[in-house]
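Working through the structure, step by step
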Amino acid sequence: MSSFESELDFSVVIPVYNEEGILSAAVRDLVQKIEESPKLQGLRYELILSANGCRDRTVDIAHALQKQYPQLRILESDQPNYGLALRQGIEAARGRFVLCDEIDLGDVSFYERALYRLQEEHYDMVVGSKRLERSFDKRPAFRRLASSVINGMLRVGTGFRGTDTHGLKAFHKDRMMPVVRACIVEHDMFASELVIRAGRMDRRVTEIPVEVIEKRAPSIALARRVPRVLKQVAVLTWTIRTGRA
């Protein structure tokens, strides 16, 4: 039995959509940083790229990279659906801990700090917050504003008490799978629902500050996402307030 057929220490799950421009460099950089991290050395891991509805050469490039990096796994879906891709990656993960990242971030510092809190402080989930005092968010101002508005709506609508829901997160897979199965929304808001439901289902959740410096503009324009996000927030709010899920 190879090391990648047995239980791994952690899995990194990254949804990808039309990322041919940065995929090769991002994967090489991420693997190098993991391998060179003194805090991660000796840990067995996998890197899951969950492709969703790609119309460019992203999947072909990913399979070519797989020949060089045996720890790389590729999942494919015809639907351009971030939430579904993230959920499928989490479900397929073979690591004891799951780290959810973005291809344009690759934040190994978050991996190190989050794994410490999961292993040594026994949290069930660690959220990388862009809103904490020591965080560093270099996204454009309109995207920071949009995040603030959505987080405010989630606090009012669902009783969320944290500062951020979307982006980097890490968790104990076995403890969080019932939470994953309870989630009902997909697309952009699945990641947020996962954090909100973790708290509502009595999982131990903590936040840590992160630096967000993106390597490229979002692959889907914000204007196209807003109507869908608002609808998903409404569905999530109604479901939680009525106790239907």
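Residues numbered from 1 in each chain as written. Predicted model: local features only at pLDDT ≥ 70, side-chain atom pairs only at ≥ 80, totals over all residues. Heavy atoms only, no water.

With that settled, the discussion passes to the overall build of the protein chain. A tally of helices and strands in the protein chain yields eight helices and nine strands. Element-wise, carbon and sulfur atoms account for 49% of the exposed surface of the protein chain, whose accessible area totals about 11600 Å². (Helix = DSSP H or I, 4+ residues; strand = E, 2+ residues; numbered from the N terminus. Areas by Shrake-Rupley, 256 points an atom, 1.4 Å probe, with all protein chains shown as cover.)

This part is about the sheet that holds strand S5 (residues 125-129). Spatially, S3-S2-S1-S4-S7-S5-S8 is the arrangement adopted by the seven strands of the open sheet, whose pairing is mixed. Taken across any chain shown, the strands that pair with only one partner, and hence form the sheet edges, are strand S3 (72-77) and strand S8 (205-209). Across the sheet, the mean angle from the axis of one strand to that of its neighbour is 20 degrees, orientation sign disregarded. Bridge count between S5 and strand S7 (residues 169-172): three bridges; the pairing is antiparallel. By the bridge assignment for S7, valine 127 is matched with lysine 169. The strands touched by helix H6 (residues 173-182) within the sheet are strand S4 (95-100), S5 and S7, with S7 carrying the most contacts at an inclination of about 105 degrees. (Pairing = 2+ DSSP bridges. Axes fitted to C-alpha atoms, helices over the stretch in contact; angles between N-to-C directions. Contact = heavy atoms within 4.5 Å.)

On to the confidence of the model for the protein chain, then. The predicted model of the protein chain has a mean per-residue pLDDT of 88, with 89% of residues at 70 or higher. In this model residues 1-5 is a low-confidence stretch, pLDDT under 50, and it forms eight contacts with partners more than four residues away in sequence or in other chains. (pLDDT = per-residue confidence, 0-100.)

A contiguous nonpolar surface patch, about 400 Å² in accessible area, is contributed by Leu145, Val149, Met153, Val226 and Leu230. By residue number, the principal contributor to the nonpolar patch is helix H5 (residues 141-158), which donates three residues. Inspection of the secondary structure assignment puts methionine 153 in helix H5. (Patch = residues over 30% accessible without salt bridge, like charges linked within 9 Å, V, L, I, M, F, W, Y side chains within 5 Å. Salt bridge = Lys/Arg side-chain N within 4 Å of Asp/Glu carboxyl O.)

Applying the stated criterion across every chain, the model contains six salt bridges. Linking glutamate 46 and arginine 73 is a salt bridge whose minimum nitrogen-to-oxygen distance equals 3.0 Å. Taken together, the positions of glutamate 46 in strand S2 (residues 45-52) and arginine 73 in strand S3 put the pair 27 residues apart, joining distant regions of the chain. For the pair shown, glutamate 46 and arginine 73 are each scored as buried. Here arginine 94 ties to glutamate 46 by a salt bridge, and the two come within 3.2 Å at their closest N and O atoms. Of this pair, arginine 94 sits in the loop between helix H3 (82-92) and S4 while glutamate 46 sits in strand S2, and the two are 48 residues apart along the sequence. With relative accessibility at 31%, the residue arginine 94 sits in the partly exposed group. A relative accessible area of 0% places glutamate 46 in the buried class. If you follow the salt bridges from partner to partner, you end up with Glu46, Arg73 and Arg94 in one network. (Buried < 20%, exposed > 50% of the residue type's maximum accessible area, 1.4 Å probe, protein only.)

A separate point is the packing of aromatic side chains. Counted according to the given criterion, the structure contains one aromatic pair. Arranged with centres 5.4 Å apart and planes meeting at 10 degrees, the rings of phenylalanine 10 and tyrosine 45 form a pair that is stacked. Note that phenylalanine 10 is positioned in strand S1 (residues 8-16) and tyrosine 45 in strand S2, a separation of 35 residues in sequence. Looking at phenylalanine 10, the relative accessible area reads 0%, which means it is buried. (Phe/Tyr/Trp six-rings, centres within 6.5 Å; stacked < 30°, edge-to-face > 60°.)

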